[in-house]
Amino acid sequence: MELIKLDLQFFSGEKTEKATPRKKADARKKGQVAKSADVNTALSLLTIFLSFLFIGTFMRDGIIKMMRGIFQDYLLMDITSQNIQNLFSTIVYQAGIILAPIMLVAIVAGVLANYLQVGFLFSTESIQMKLNKLDPIQGFKRIYSIRALVELLKSLLKISFVGFVTFMVIWLEMDNVLRLSQMTVEQSFTFIASLTLKMGLYASGALLLLALLDYLYQRYDYEKNLRMSKQDIKDEYKKSEGDPLIKSKIKQRQREMSMRRMMQEIPTADVVITNPTHYAIALKYDESKMDAPYVVAMGVDLVAQKIKEIAKANDVMMVENRPLARALYAQVDIGQAVPEEFFQAVAEIIAYVYQSKSII
């Protein structure tokens, strides 16, 4: 029996349940999300190479202009301390103009790749300084862990697959590669640019395929790391919903306060309609509050007896009307006016009460 008890305790602590929405939200606030860095890389590369189809001419003209200026104007120029700064600034400016579209495309692609994976998220938790990251023992465990082995296999797979795709592109263009020495400079430049673009598109496409598989793995690993035990779910429920024992005490206290307020209203009632033993309904008519009489207190059995005791102690008249008492208890709540269908019966009772008080 002791062994069975230990086994049950072990399985109760095993993390076999899916993470709750609250735990996922807490993890997201800390920057812990399912994300693949390969998706960012692949999408950025693919976008950049696709942009060459539109900005390739602009970049070619910019490079030719910069090279022409270097060989025609700057190659034979005397370098002095006065003109070196202007020369450097001019070359950097021209290079910046050429590279600016690529940098802009890369930034947009990187932001888009992150947004597609995790949506809008800003968290400083992941960049905070943590001393445990400097622990050599923990660092050793991270290096020689199952996750590190998986990352190594992924890197080898990426290198092999992308390398094979790139090699096949070059192999299919081998005839033109071998004729490069027979081409003019302009033809060679055009062919190399075309071959580079083709290699980039095919390689980034292959990397994107691997990145999608990696993203699925990252989601699986993320869900696995967030798994909870049955005890974790119970503890979270207690934190979010409150301890059932405390909640029951709070509800009991609320009921007691409501009952106390109700009993305090009984002395102001005009009449208490009884069953006579099981039901008691205290009514009050106040033109400034409602157009019809309304219920100030009601109850059955012990509560009804208490209502009648307080009514008797405060000279509130009690009238026995079994059908009316049952109907009012079933259809009206405390603070609500009497329904129209009971107007005549209630009006007769209140008129009788007022008449009795006037006689007295």
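Residues numbered from 1 in each chain as written. Predicted model: local features only at pLDDT ≥ 70, side-chain atom pairs only at ≥ 80, totals over all residues. Heavy atoms only, no water.

## Quick notes on the overall build of the protein chain
Okay, so step 1: Within the protein chain, the secondary structure is distributed over 13 helices and 4 strands.
Okay, so step 2: For the protein chain, long-range pairs separated by at least 24 residues make up 76% of all intrachain contacts whose partners lie at least 6 apart in sequence.
Okay, so step 3: With the model as given, the accessible surface of the protein chain reaches about 25,200 Å², and the carbon-plus-sulfur share is 63%. (Helix = DSSP H or I, 4+ residues; strand = E, 2+ residues; numbered from the N terminus. Contact = heavy atoms within 4.5 Å. Areas by Shrake-Rupley, 256 points an atom, 1.4 Å probe, with all protein chains shown as cover.)

## Brief notes about the confidence of the model for the protein chain
Close inspection of predicted coordinates is inappropriate for parts of the model with low pLDDT.
Okay, so step 1: Per-residue confidence for the protein chain averages 79 on the pLDDT scale, and 85% of its residues sit at or above 70.
Okay, so step 2: Between residues 1-11, whose pLDDT stays under 50, and residues either more than four places distant or in other chains, the model counts 0 contacts. (pLDDT = per-residue confidence, 0-100.)

## Here we look at the sheet that holds strand S4 (residues 317-320)
The strands making up a sheet associate through hydrogen bonds between their backbones, and the pairing can be parallel or antiparallel.
Okay, so step 1: Read from one edge to the other, the open sheet built from 4 strands follows the order S3-S2-S1-S4, with strand pairing classed as mixed. The outermost strands of the open sheet, each flanked by one partner alone, are strand S3 (294-300) and S4. Looking at each pair of strands side by side, their axes are set apart by 20 degrees on average, direction ignored.
Okay, so step 2: The sheet contact formed by strand S1 (residues 271-274) and strand S2 (residues 279-284) spans 4 bridges and is antiparallel. Residue Val271 lies in a different strand from S2, and its bridge partner there is Leu283.
Okay, so step 3: Strand contacts of helix H11 (residues 302-313): S1, S2, S3 and S4, with the helix running at about 130 degrees to S3, the strand carrying the most contacts.
Okay, so step 4: Helix-sheet contacts for helix H12 (residues 322-331) involve S1, S2, S3 and S4, and the interaxial angle to S2 is about 80 degrees. (Pairing = 2+ DSSP bridges. Axes fitted to C-alpha atoms, helices over the stretch in contact; angles between N-to-C directions.)

## Some words on unusual backbone geometry
Okay, so step 1: Non-glycine residue Asp301 carries a positive phi angle of around 55 degrees.
Okay, so step 2: Examined against the element boundaries, Asp301 turns out to sit in the loop between S3 and H11.
Okay, so step 3: Notably, Asp315 is not glycine yet its phi reads approximately 60 degrees, a positive angle.
Okay, so step 4: Within the element layout of this structure, Asp315 appears in the loop between H11 and S4.
Okay, so step 5: On the accessibility criterion, Asp315 (69% relative accessible area) is exposed. (Buried < 20%, exposed > 50% of the residue type's maximum accessible area, 1.4 Å probe, protein only.)

## Concerning the pattern of salt bridges
Okay, so step 1: Summed over all chains, the structure comprises 5 salt bridges.
Okay, so step 2: Between Lys158 and Asp38 there is a salt bridge; the shortest N-O distance is 2.9 Å. Taken together, the residues span a long stretch of sequence, with Lys158 in helix H6 (residues 146-172) and Asp38 in helix H3 (residues 37-74) at a distance of 120 residues.
Okay, so step 3: Classification of Lys158 by relative accessible area gives partly exposed; the value is 21%.
Okay, so step 4: Across the pair Lys154 and Asp214 runs a salt bridge, and its minimum N-O distance is 2.4 Å. Of this pair, Lys154 sits in helix H6 while Asp214 is found in helix H8 (residues 185-225), placing the two residues 60 residues apart along the sequence. (Salt bridge = Lys/Arg side-chain N within 4 Å of Asp/Glu carboxyl O.)

## Comments concerning the pairing of S3
Okay, so step 1: The buried fraction of S3 is high, at 6 of 7 residues.
Okay, so step 2: As defined by bridge partners, S2 adjoins S3 across 6 bridges and the pair is classed as antiparallel. Along S3, the bridge assignment pairs Tyr279 with Val300.

## So, the packing of aromatic side chains
Centre distance and the angle of the planes are the two values used to describe a pair of aromatic rings.
Okay, so step 1: Tallied over the full model, the rule gives 3 aromatic pairs.
Okay, so step 2: For the pair Tyr279 and Tyr329, a centre-to-centre distance of 5.3 Å together with 75 degrees between the ring planes defines the contact as edge-to-face. Of the two residues, Tyr279 is situated in strand S2 and Tyr329 in helix H12; the sequence distance between them amounts to 50 residues.
Okay, so step 3: Judged by relative accessible area, Tyr329 falls into the partly exposed class, the value being 33%. (Phe/Tyr/Trp six-rings, centres within 6.5 Å; stacked < 30°, edge-to-face > 60°.)

## Some words on the nonpolar core
Okay, so step 1: The biggest cluster of nonpolar side chains holds 19 residues, and the ones touching the most others in it are Leu283 and Leu328.
Okay, so step 2: Those elements that place two or more of their residues in this core are S1, S2, S3, H12 and helix H13 (343-359).
Okay, so step 3: Apart from the residues lying within four places of it in its own chain, the contact partners of Leu328 are Ile273, Ile281, Leu283, Met298, Val338, Pro339 and Phe342. (Core = buried A, V, L, I, M, F, W, Y, C linked by side-chain atoms within 4.5 Å.)

## Focus: the UniProt feature "transmembrane region" (unreviewed entry) in the protein chain
Okay, so step 1: Feature annotation in UniProt places "transmembrane region" (unreviewed entry) on residues 39-59, 91-116, 152-172 and 192-217, given in this structure's numbering.
Okay, so step 2: Between the first and last C-alpha atoms of residues 91-116 the distance is 37 Å; the span itself is 100% helix and 0% strand. (UniProt positions renumbered as here; feature names shortened; annotations may be inferred.)

## What about the packing of H3 against H8?
Okay, so step 1: For the pair H3 and H8, interaxial distance at closest approach is 7 Å and the crossing angle is 160 degrees. In terms of orientation, H3 lies roughly antiparallel with respect to H8. Crossing angle aside, the handedness with which H3 passes H8 is left-handed. In contact with Asp38, Val39, Thr41, Ala42, Leu43, Leu45, Leu46, Phe49, Leu50, Phe52, Leu53 and Arg60 of H3, H8 contributes Phe189, Thr196, Leu197, Gly200, Leu201, Ser204, Leu207, Leu208, Ala211, Asp214 and Tyr215.
Okay, so step 2: Residue composition of the contact of H3 with H8, grouped by class: 16 nonpolar, 4 polar and 3 charged. (Parallel < 35°, antiparallel > 145°, perpendicular 65-115°, else oblique. Left-handed = near helix turned anticlockwise from the far one by under 90°. Nonpolar A, V, L, I, M, F, W, Y, C, P; charged D, E, K, R; others polar.)

## Points about a nonpolar patch on the surface
Okay, so step 1: A contiguous nonpolar patch, built from Ile63, Met67, Phe71, Leu75 and Leu76 and spanning about 530 Å² of accessible area, is present on the exposed surface.
Okay, so step 2: Mapped onto the fold, Leu75 is located in the loop between H3 and helix H4 (84-118). (Patch = residues over 30% accessible without salt bridge, like charges linked within 9 Å, V, L, I, M, F, W, Y side chains within 5 Å.)

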